[in-house]
Amino acid sequence: MDTWKEVPYHATPLADCNFCGSRVVMMQHTSNRTVDFAVSCTMGEGESPLGDACPLQDPPDQFNHATRREAAKYWNEWAALGASRRVEQQRASA
Ligand SMILES: [Zn+2]
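Here is a short report on the structure shown in this document.

Scoring rules and cut-offs
Residues numbered from 1 in each chain as written. Predicted model: local features only at pLDDT ≥ 70, side-chain atom pairs only at ≥ 80, totals over all residues. Helix = DSSP H or I, 4+ residues; strand = E, 2+ residues; numbered from the N terminus. Buried ≥ 20, exposed ≤ 12 C-beta atoms within 10 Å, placed from the backbone. Contact = placed C-beta atoms within 7 Å. Pairing = 2+ DSSP bridges. Core = buried A, V, L, I, M, F, W, Y, C linked by C-beta atoms within 7 Å. Axes fitted to C-alpha atoms, helices over the stretch in contact; angles between N-to-C directions.

Right, let's get into the overall build of the protein chain. When helices and strands are tallied, the protein chain shows one helix and three strands. By principal-axis analysis of the C-alpha atoms, the protein chain measures approximately 50 × 30 × 20 Å. Burial analysis of the protein chain (94 residues in total) assigns 20% to the buried set. Sequence-distant contacts in the protein chain: of pairs separated by 6 or more residues, those separated by 24 or more amount to 45%.

Written as structure tokens, this is what we have:
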């Protein structure tokens, strides 16, 4: 059975959710044999103006990493990539 719980992480600042802009938290994921970590969005179902949870509240498997530091690095790189992509789209449509 998989369980998730929020754990503290302060080593580096975490970028806000790249999808909805909400605060994010470090989650510890425990399954049968493994423990890993993923940064997740805090926008849950019912909190969003659209009524749906943010897709990154339950991030895809590639966000899971063996350490908090790696999970944070992955998240921040992904967020930076998405942010630059958005800028390019704005430039392209301007
Ligand atoms: Zn989000």
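Moving on, we come to the pairing of strand S2 (residues 24–30). Pairing of strand S1 (residues 3–7) with S2, which is carried by five bridges, proceeds in the antiparallel orientation. Paired with Trp4 across the bridge in S2 is His29. The sheet contact formed by S2 and strand S3 (residues 35–41) spans seven bridges and is antiparallel. Considered in S3, the bridge of Met27 is made with Ala38. Where S2 folds back on S3, the antiparallel hairpin that results is connected by four residues.

On to the environment of Asp61. Position of Asp61 relative to the elements: it lies in the loop between S3 and helix H1 (68–93). In this structure, the C-alpha to C-alpha distance between Asp61 and Ala38, residues 23 residues apart in sequence, is 8.7 Å.

Turning to the environment of Tyr74, a few remarks are in order. Inspection of the secondary structure assignment puts Tyr74 in helix H1. Sequence separation between Tyr74 and Met1 is 73 residues; the distance between their C-alpha atoms is 25 Å. Once residues within four sequence positions are removed from consideration, Tyr74 is found in contact with Phe63 and His65.

Turning next to the nonpolar core. Core analysis: the largest hydrophobic core is formed by 14 residues, its most contacted members being Cys17, Val39, Cys41 and Ala71. Put simply, the parts of the chain that give this core at least two residues each are S2, S3 and H1. When near neighbours in sequence (up to four residues on either side) are disregarded, Val39 contacts Leu14, Val24, Met26, Phe63, Ala71, Ala72 and Trp75.

Turning our attention to the sheet that holds S2. The antiparallel open sheet is built from three strands, whose spatial order is S1-S2-S3. Looking at the sheet topology across the chains shown, the edges are occupied by S1 and S3. If you compare each strand with its neighbour and ignore which way they point, the axes differ by 35 degrees on average.

A few words on the environment of Gln57. As for its position among the elements, Gln57 is in the loop between S3 and H1. Remark: the alpha-carbon pair of Gln57 and Ser40, spanning 17 residues in sequence, is separated by 5.0 Å. Those residues in contact with Gln57 that lie beyond four places of it in its chain are Ser40, Cys41, Met43 and Gly44.

Purely geometric numbers; function is a separate question.
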